[in-house]
Amino acid sequence: MPKKRSGGGLSPTQQAAKFLGVSVLAGAVMAGIAVPAFGALGLAAKGSVEGFDEIPANLKRPPLSQRTTILDNQGGQIATVYSRDRTVVDLKDISPYMQKAIVAIEDARFYEHGAVDLKGVLRALNKNAQSGNVSEGASTLTQQYVKNVFVEEAGNDPTKVAQATQQTLGRKVRELKFAIQVEEELGKKKILENYLNITFFGQQAYGVEAAAQRYFSKSAKDLEVQEAALLAGIVQSPTRYDPVNDEAEATKRRNVVLQRMAEVHDISQAEATAAKKKPLGLKVSKPNNGCITAVKDASFFCEYVRKEFLNDPVFGKTQKARAKVWDQGGLTIRTTLDPQAQKSVQTSLKDHVNQSDKVAAASTLVEPGSGKILAMGQSKPYGFGKNETVINYSVDYSMGGSNFGFPTGSTFKPFLAAAALEGGKPATQSYPAPYEMPYPDSVQACGGKTWRNTDKAKVENEDESESGPYALKKAMALSVNTYFVQMLEDIGMCPVVEMTDKLGVVQGNGTKLPEQPSSMTLGSTGISPLTMASAYAAFANRGTYCTPVAIASISQQLGGEKKSLPVPKSSCSRAMSETTADTINTLLSGVVDSGTGQQAGLTDRANAGKTGTTDYRKNAWFVGYTPNMSGAVWVGSATQKVKMVNITIGGTWHEKVFGGAVPGPIWKDAMTGALSGKDSPGFNLVDIPDADKDRDKGRDDDNNGDDGANGDNDNGGGNGNGNGENRGNDNGGGTDGGQPQIPTPTFSIPDEWTIGGNDNGGGNGNGGGGNWP
């Protein structure tokens with residue numbers, strides 16, 4: 001027995017009058033007759049009919065929103081995302097029991113009346129008047145379908161949804177006129193098909209196919225009579241009759257439907273009685289929506305794909321337009337993700353860094369020459385729980401990453417070297433490179449500006465034995481800080497700015513790199529792993545840089561039509577000459593062969609790379625590549641508050657963490673698995689003679705590092721006396737000092753440099769910071 005109204009609102013007589021007035025109005029229009037009773041019902045006959053006639057005659061039926069499927073580059077499913085979980089099916093693919101059940105309980109005379117059932121209106125009016133409340137409605141399936149169209153058109157706009165469902169006479173009249181049109185245009189079978197595909201069945205399931213899968217884990221075409229009756233009964237009140245949360249109430253409602261089917265002779269009474277005795281037989285499949293459910297540990301990549309879709313104008317001129325296409329769904333998005341590479345990255349991360357560690361690790365692989373993102377993962381999984389995060393440490397802030405990216409340390413030095421070579425410096429270029437030296441008094445910047453060392457900042461090498469002169473080959477292998485500071489003084493900062501611009505290198509917040517020596521030599525600026533991997537891919541691609549892309553193709557199927565959508569293409573352009581790139585490849589091959597990156601070197605194919613460790617060992621990097629794959633690995637604390645000294649990472653204790661010691665092995669294992677079975681082309685190496693003055697024969701990674709200046713103003717600088725760096729502002733700079741002792745910081749990190757206070761938070765600022773190799 002339905003519950004009675006709790007008070008307020010229209011009286012029973014008023015409710016009945018309102019109900020009758022609306023319904024009879026539609027019938028009158030259809031029949032082309034006048035009904036004098038309008039006046040008695042409080043409706044001016046003439047005015048009402050004129051208003052009715054003024055309603056537009058064409059009902060816009062937008063294609064039904066459906067789920068979107070995201071695939072890897074082999075066609076394997078990564079995730080499904082949707083605003084509304086729906087799979088549109090033809091009437092022939094819906095169980096006849098389902099068709100009969102929904103008609104029996106919602107509109108038994110569906111095939112006998114037009115858009116409005118006048119007999120049903122009068123019957124409902126009589127019953128409602130007797131009961132004293134609105135206990136029975138008289139909306140036809142056609143009218144209900146039209147109402148659902150209004151709701152679908154409203155999308156996720158709460159204001160429009162409220163307008164589409166408001167209980168007003170105006171909405172009802174509008175609904176009735178469109179119902180007339182739909183009856184004329186579609187016919188009964190198509191209306192029934194559309195209704196079963198559009199209506200809501202609870203538990204996030206829109207349409208009968210999604211409902212059948214949700215409650216019974218089967219297709220709508222396979223529904224048995226008692227299952228069809230359950231789904232048909234849910235429609236009236238998806239919350240009240242939810243079988244997952246209230247099995248008893250849902251069972252009673254199902255049995256009402258079964259009895260109604262017997263009464264209208266869709267099934268026999270014996271069949272109805274037998275079906276009522278059966279259990280609900282639920283086999284519930286949980287909603288599988290969103291990137292958080294992605295397989296292959298690809299949640300962060302999935303979210304990157306979503307961000308790329310919502311941010312790229314190729315999918316719509318405005319953010320609102322792109323969001324509408326995304327919410328409408330029906331998309332099949334084939335991405336660039338390589339399942340072999342993705343598995344290798346995640347396996348390597350899990351082998352070397354535990355989810356519960358104080359620090360995190362992130363790794364991204366890209367394909368030189370195409371910009372395709374092949375893998376993207378991190379040690380702290382996607383989620384909202386302890387030791388989980390929704391921040392993608394591999395990408396820029398605009399794509400879901402940390403505020404500023406992370407300081408890169410000595411992995412920045414190849415950009416400076418490429419700029420010098422491109423400007424005419426020989427590969428044998430030598431500088432005095434003493435153990436310790438002040439930053440230059442002045443360094444030429446872009447636009448005729450000059451950076452000046454007003455604070456008399458100093459820079460030094462890791463060990464006192466590192467004293468030049470050095471040539472480029474040895475200086476790169478050993479990551480000699482003073483060498484590269486002298487190189488920057490020689491060529492100025494503008495060539496480096498021009499080179500990094502060509503390589504797509506920006507800060508993690510999307511802004512250009514600050515023009516100050518610590519950023520231009522020692523990597524004190526925050527940059528994302530994806531940016532670094534893509535920039536290094538230009539070296540592998542002999543000097544041609546390609547912007548990263550994650551989407552290979554998209555098709556959309558809506559309203560029975562399938563079409564292809566344009567997708568963003570990688571933009572490739574020459575960043576340096578082939579000779580310059582070949583020279584960098586030769587130099588960085590030496591890093592993994594006999595320099596600081598020996599622990600990362602691959603043994604079965606040509607490879608090159610560079611290590612980097614930053615101030616107070618808060619960040620450690622390895623960025624490396626083969627001719628056909630480039631990858632970056634970052635290890636550190638998202639909040640930049642963990643010094644990686646005397647620390648256990650992945651179950652292994654480290655006195656000090658260096659780029660070659662933790663990120664290097666992660667890169668090596670990730671690349672080994674990702675490249676297994678793939679071609680192993682070689683580099684076009686050049687001959688770089690060893691300089692006579694190169695006295696050092698190499699050293700352990702545990703003993704090397706970049707050291708340098710401290711800075712706290714726009715001009716950088718500070719008192720880099722070997723005791724470490726004080727982080728400055730956006731242009732402040734420097735690196736940790738070279739002494740084995742870890743200095744005690746004399747500053748606090750500004751709040752704006754972090755998103756949160758733990759490893760679920762975001763990155764660091766773009767000022768200050770330096771590096772070891």
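These lines cover the structure that appears in this document, whether it is placed above or below.

Cut-offs and rules
Residues numbered from 1 in each chain as written. Predicted model: local features only at pLDDT ≥ 70, side-chain atom pairs only at ≥ 80, totals over all residues. Heavy atoms only, no water. Patch = residues over 30% accessible without salt bridge, like charges linked within 9 Å, V, L, I, M, F, W, Y side chains within 5 Å. Areas by Shrake-Rupley, 256 points an atom, 1.4 Å probe, with all protein chains shown as cover. Salt bridge = Lys/Arg side-chain N within 4 Å of Asp/Glu carboxyl O. Helix = DSSP H or I, 4+ residues; strand = E, 2+ residues; numbered from the N terminus. Phe/Tyr/Trp six-rings, centres within 6.5 Å; stacked < 30°, edge-to-face > 60°. Buried < 20%, exposed > 50% of the residue type's maximum accessible area, 1.4 Å probe, protein only. Core = buried A, V, L, I, M, F, W, Y, C linked by side-chain atoms within 4.5 Å. Contact = heavy atoms within 4.5 Å. Expected span 1.5 Å × (residues − 1). Pairing = 2+ DSSP bridges. Axes fitted to C-alpha atoms, helices over the stretch in contact; angles between N-to-C directions.

**Looking at a nonpolar patch on the surface**
Here is step 1 of the chain: A contiguous nonpolar patch, built from I292, F384 and V390 and spanning about 320 Å² of accessible area, is present on the exposed surface.
Here is step 2 of the chain: Along the chain, the position of I292 falls in the loop between α13 (269-276) and α14 (299-311).

**Overview of the packing of aromatic side chains**
Here is step 1 of the chain: Tallied over the full model, the rule gives 20 aromatic pairs.
Here is step 2 of the chain: Relative to Y206, the ring of F200 has its centre 4.6 Å away and its plane inclined at 35 degrees; by these criteria the two rings are tilted.
Here is step 3 of the chain: According to the relative accessible area criterion, F200 is partly exposed, its value standing at 29%.
Here is step 4 of the chain: Residues F412 and F415 carry aromatic rings whose centres are separated by 5.2 Å and whose planes lie at 85 degrees to one another, so their mutual orientation is edge-to-face.

**Concerning the pattern of salt bridges**
Here is step 1 of the chain: Scanning the entire structure with this criterion turns up 22 salt bridges.
Here is step 2 of the chain: For R542, the salt bridge identified is with E578, shortest N-O distance 3.4 Å. Pair noted here: R542 is in the loop between α22 (529-540) and β14 (544-546) and E578 is in helix α23 (residues 578-594), with a separation of 36 residues, a long-range link.
Here is step 3 of the chain: Residue E578 is classed as partly exposed on the basis of its relative accessible area, which comes to 37%.
Here is step 4 of the chain: One network of salt bridges, with partners in common, ties together R542, R574, E578 and D582.

**Examining the nonpolar core**
Here is step 1 of the chain: By size, the foremost hydrophobic cluster in this structure holds 100 residues, and its most contacted members are Y483 and L503.
Here is step 2 of the chain: In terms of residue count, α22 provides more of this core than any other element does, nine residues in total.
Here is step 3 of the chain: Each residue touching Y483, except ones within four places of it in the same chain, is listed here: Q429, S430, Y431, A433, Y470, A471, L472 and A475.
Here is step 4 of the chain: In terms of nonpolar packing, the next biggest core, distinct from the first, is built from 55 residues, I94, I198, A262 and A272 among them.

**Side note on helix α24 (residues 663-675)**
Here is step 1 of the chain: End to end, α24 covers 18 Å across 13 residues, agreeing with the expected 18 Å (1.5 Å per residue, within 8%).
Here is step 2 of the chain: Of all the residues in α24, the buried ones are P663, G664, P665, I666, W667, A670, M671, A674 and L675.
Here is step 3 of the chain: As for α24, its buried residues are in contact with α16 (339-352), β4 (360-366), β18 (608-614), β19 (619-626) and β20 (629-636).
Here is step 4 of the chain: One or two positions beyond α24, positive phi appears at G677, with a value near 80 degrees.

**Structural notes on unusual backbone geometry**
In most cases, non-glycine residues show a negative phi, while peptide bonds are predominantly trans.
Here is step 1 of the chain: Residue P469 follows G468 across a cis peptide bond; omega there is 10 degrees.
Here is step 2 of the chain: By the element assignment, P469 lies in the loop between β11 (458-460) and β12 (470-471).
Here is step 3 of the chain: In this structure, N387 takes a positive phi of about 60 degrees despite not being glycine.
Here is step 4 of the chain: Relative to the elements of secondary structure, N387 occurs in the loop between β5 (373-378) and β6 (406-407).
Here is step 5 of the chain: For R542, which is not glycine, the phi torsion reads 55 degrees and is therefore positive.
Here is step 6 of the chain: By relative accessible area, which is 26% here, R542 ends up partly exposed.

**Details of the pairing of strand β15 (residues 551-558)**
Here is step 1 of the chain: Where strand β3 (residues 331-335) meets β15, five bridges bridge the pair, whose relative direction is antiparallel. Its bridge partner lying in β15, L331 is registered against Q556.
Here is step 2 of the chain: Here β15 pairs with strand β16 (residues 561-565) via five bridges, running antiparallel. Note that in β16 the partner of S555 across the bridge is S564.
Here is step 3 of the chain: Connecting β15 to the next strand, β16, in antiparallel fashion are two residues, including G559 with a positive phi near 60 degrees.

**Observations concerning the side chain of T500**
Here is step 1 of the chain: Following the sequence through the fold, T500 ends up in helix α20 (residues 494-502).
Here is step 2 of the chain: Excluding residues within four positions of it along the chain, T500 makes contact with F412, F415, V505 and L513.

**Structural notes on the side chain of S379**
Here is step 1 of the chain: With respect to the secondary-structure elements, S379 resides in the loop between β5 and β6.
Here is step 2 of the chain: Setting aside chain neighbours within four positions, we find S379 in contact with L349, V353, Q355, V359, A360 and A361.

**Remarks on the sheet that holds β15**
Here is step 1 of the chain: Across the sheet, which stays open at both edges, the five strands sit in the order β2-β1-β3-β15-β16 with mixed pairing between neighbours. Of all the strands in the sheet, just β2 (77-81) and β16 have a single pairing partner and so form its edges. This sheet shows a mean twist of 15 degrees between the axes of neighbouring strands, independent of strand direction.
Here is step 2 of the chain: The pairing of strand β1 (residues 68-71) with β3 spans three bridges and is parallel. Each bridged residue has a counterpart across the sheet, and for L71 the counterpart in β3 is R334.
Here is step 3 of the chain: Here α14 sits on the sheet in contact with β1, β2, β3 and β15, set at roughly 115 degrees to β3.

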